[in-house]
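Remarks on the overall topology
Listed below are the residues making up each chain.
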Amino acid sequence: MSLEEKIRATLEAEAERLPPPSALGVAGALTPTRPRRAGPVFAVAAFLVVLISGFALSSLLRNGGLVEQVTTVTDSTENEATVTAPSVDRTLAPTAVGKELLWYPTVLPSDLKDCSEVINDPTFRLTCTADDPGVEREITLEIRPTGYPKLDGEAVPGHFGWSRAFQGTAEVIEVPVGVTWRLRAVAVGVDSDELVAVVDSIPVIGDRQALIPAFELPLVLVDTGDDALEALIARDREVEVVRDTTSSAFIVVGSSSEDRVLIHVGSAQPGDLVEFVGELGDARLVDQAERPMVIGTSNDQTQIVWIQRGLLWSLLTPMPEGQAVDFSLDLSQSISSLP
Amino acid sequence: MKTNRDHLDSAPSTFDEFYRARYTETYRSLALALRNPDLAREAADEAMTRALERWRVVGGYDAPQQWVFRVGLNWATSRLRRHRYETVGVLVEPVGSPPLPDPDVSEALASLPLKLRSVVVLRLYLDWSTEDCAEVLGISTETVKSRLSRALDRLERALE
């Protein structure tokens, strides 16, 4: 038997011995004919499953880096194996930028340590260069409005909507972030695979799903009285509800310039939070929130936005960030309890 | 002899047919390349979901399964890079499985880097042509040939 025949036989035998997909997790078990986000009939259930399995995989992968536990179930027997990864990626390292912004990469080539940020409203730009001045290696990431000229490039295989072009010594990749924003990455002296991995590590691109809220029982704003909206705020605060249209309203809390909170509530689209990543300064996710909540700055104030009960809630306040987060989490809890 | 390549010419007309015909093959080939069934299942699910979302386009391709494999492999390698992981290199053996014909070959395959093993899986397990492999992996046909040659050399040395 030749070497190629031996390899074929081994691969076929290994394939037969693989655990069936349904034994590897809940999502697999739910997919008799369609993938996990496949159709409206079980879209909600599948979304929850994906969320749960995604978090499970994500936490598994983030947990320590070198040891992975794989559990398989065959019939009634459970078999757990612990294996050690033989090596780690040597070309990319966790980003040294030190911020957890939604449009910042979470990995960068390990020698691109010298990063600087330029905010030239309405664009944000991050440039990271090699720490060795004799080496010409650089990546620039810029989030810019879609009104800017679009990159005339070719499709990037496996990455829907991405386009790539080579301009002199630079490689440029452009990715639509939402309806109103695009991310443009320009690299010099960086391998194409590295650049794709860096762009894909940007949370608003690679983990966009984390910004899409789970389905909840919708709240019909027009049927919700002013008194119910006022009751969302603690009783010791001065509250006023102003309806600007039948489908949106302002809730104004307090009157002093230090602790005034302006809340706008209106109709939501699932991708709204993605748009705010380009809208807000220093956009990132609120830690430990039960749902995706984007926090950032707007006109030197703290703004927090989230989608709940089918509505977009936007809070703007001059309060310190910690207080604004606490206020938003309390408000979110009150919204959950609305009938 | 019927090979996996025989399926390339008979693209199903609906996503449901495609999914039923190709899911297992996609999952298995990704698992063999990644040596990680859990990640392969996630990657196959992700790739199939993306295929469904743009089936009007993907369904018109000559071989949608190649597009799906490419998307799955890219998704998995991005995930591996993001978390600074290399593949685990070991396939989990279900209880009661028949023995492998040659465990040494399996071990040697596991020792290959992902780039080389992907070519081996596409060429020797799926029986795809050099041109198809090049298209799927986004590399030239010469690189496919060179990677396969290097992989076979390394396997031969490992089995000596």
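The rules behind each value
- Residues numbered from 1 in each chain as written.
- Chains lettered and ligands numbered in written order.
- Predicted model: local features only at pLDDT ≥ 70, side-chain atom pairs only at ≥ 80, totals over all residues.
- Heavy atoms only, no water.
- Disulfide = S-S within 2.5 Å.
- Helix = DSSP H or I, 4+ residues; strand = E, 2+ residues; numbered from the N terminus.
- Buried < 20%, exposed > 50% of the residue type's maximum accessible area, 1.4 Å probe, protein only.
- Phe/Tyr/Trp six-rings, centres within 6.5 Å; stacked < 30°, edge-to-face > 60°.
- Axes fitted to C-alpha atoms, helices over the stretch in contact; angles between N-to-C directions.
- Parallel < 35°, antiparallel > 145°, perpendicular 65-115°, else oblique.
- Contact = heavy atoms within 4.5 Å.
- Nonpolar A, V, L, I, M, F, W, Y, C, P; charged D, E, K, R; others polar.
- Core = buried A, V, L, I, M, F, W, Y, C linked by side-chain atoms within 4.5 Å.
- pLDDT = per-residue confidence, 0-100.
- Pairing = 2+ DSSP bridges.
- Salt bridge = Lys/Arg side-chain N within 4 Å of Asp/Glu carboxyl O.

Looking now at the state of the cysteines. Residues and elements named next belong to chain A. Under the criterion given, the structure shown has one disulfide over all chains. In this model Cys 115 forms its disulfide with Cys 128; the gap between the sulfur atoms is 2.1 Å. Residues Cys 115 and Cys 128 are joined by a disulfide whose S-S torsion is about 115°; by sign, that bridge is right-handed. Taken together, the residues Cys 115 in strand S5 (residues 114-120) and Cys 128 in strand S6 (residues 123-129) connect sequence positions 13 residues apart. For Cys 115, a relative accessible area of 24% corresponds to the partly exposed category.

Next up on the list: the packing of aromatic side chains. Under the defined criterion, the tally for this structure stands at eight aromatic pairs over all chains. The structure contains a cluster of three or more aromatic residues connected by ring pairs, namely B:Phe15, B:Phe18, B:Tyr19, B:Tyr23 and B:Trp55.

Residues and elements named next belong to chain B. Their axes nearest at 8 Å, the elements helix H7 (residues 130-137) and helix H8 (residues 141-159) cross at an angle of 105°. The angle between H7 and H8 falls in the class roughly perpendicular. Where H7 approaches H8, its residues Thr 130, Glu 131, Cys 133 and Ala 134 are matched on the opposing element by Thr 141, Val 144 and Lys 145. Of the residues assigned to the contact of H7 with H8, the class counts are three nonpolar, two polar and two charged.

Before going further, it helps to spend a moment on the nonpolar core. Judged by nonpolar contacts, the single largest core of 56 residues is most densely connected at A:Ile7, A:Leu11, B:Leu34 and B:Val120. Counting 42 residues, the second-largest nonpolar core is a separate cluster that includes A:Leu108, A:Leu141, A:Val196 and A:Val274.

Residues and elements named next belong to chain A. Here Pro 218 lies in the loop between helix H5 (203-206) and helix H6 (226-230). By relative accessible area, Pro 218 is classed as partly exposed at 48%. The spatial distance from the C-alpha of Pro 218 to the C-alpha of Gly 310 is 4.8 Å, given a sequence separation of 92 residues.

This part covers the confidence of the model for chain A. Scored by pLDDT, chain A comes out at a mean of 75, with 76% of its residues at no less than 70. When the criterion is pLDDT under 50, residues 25-90 of chain A qualifies, and its contacts beyond four places in sequence or with other chains add up to 116 contacts.

This paragraph deals with the sheet that holds strand S15 (residues 281-285) of chain A. Residue and element names in this part refer to chain A. Read across the open sheet, the seven strands follow the order S12-S13-S14-S18-S17-S16-S15; overall the sheet is antiparallel. Every interior strand has two partners, whereas the edge strands, strand S12 (239-245) and S15, have only one. Averaged over all adjacent pairs, the angle separating strand axes in this sheet is 20°, with direction ignored. Note: S12 against strand S13 (residues 248-253), six bridges, orientation antiparallel. Each bridged residue has a counterpart across the sheet, and for Glu 240 the counterpart in S13 is Val 252.

What follows covers the confidence of the model for chain B. Residues and elements named next belong to chain B. Across chain B, the average pLDDT comes to 79, with 80% of residues at or above 70. Taken together, the stretch residues 1-11 has pLDDT below 50 and engages in 25 contacts with residues farther than four places along the chain or on a different chain. For the stretch residues 84-90, pLDDT sits under 50, and the model shows 33 contacts to residues farther than four places along the chain or on other chains. For this predicted complex, the interface score ipTM comes out at 0.86, alongside a pTM of 0.50.

Oppositely charged side chains are able to pair whenever their charged atoms sit close together. Taken as a whole, this structure holds 18 salt bridges over all chains when the rule is applied. The salt bridge involving A:Glu16 is made with B:Arg28; its shortest N-O contact spans 3.2 Å. Taken as a pair, A:Glu16 in helix H1 (residues 3-17) and B:Arg28 in helix H1 (residues 15-34) lie in two separate chains rather than in one. Classification of A:Glu16 by relative accessible area gives exposed; the value is 56%. Residue A:Arg284 pairs with A:Glu321 through a salt bridge whose shortest N-O separation is 2.5 Å. Residue A:Arg284 is found in strand S15, and its partner A:Glu321 is found in helix H8 (residues 321-336); the two are separated by 37 residues along the sequence. Of the residues examined, A:Glu321 reaches a relative accessible area of 37% and is grouped as partly exposed. What emerges from the salt-bridge pattern is a single network uniting A:Asp111, A:Arg137 and A:Glu194.

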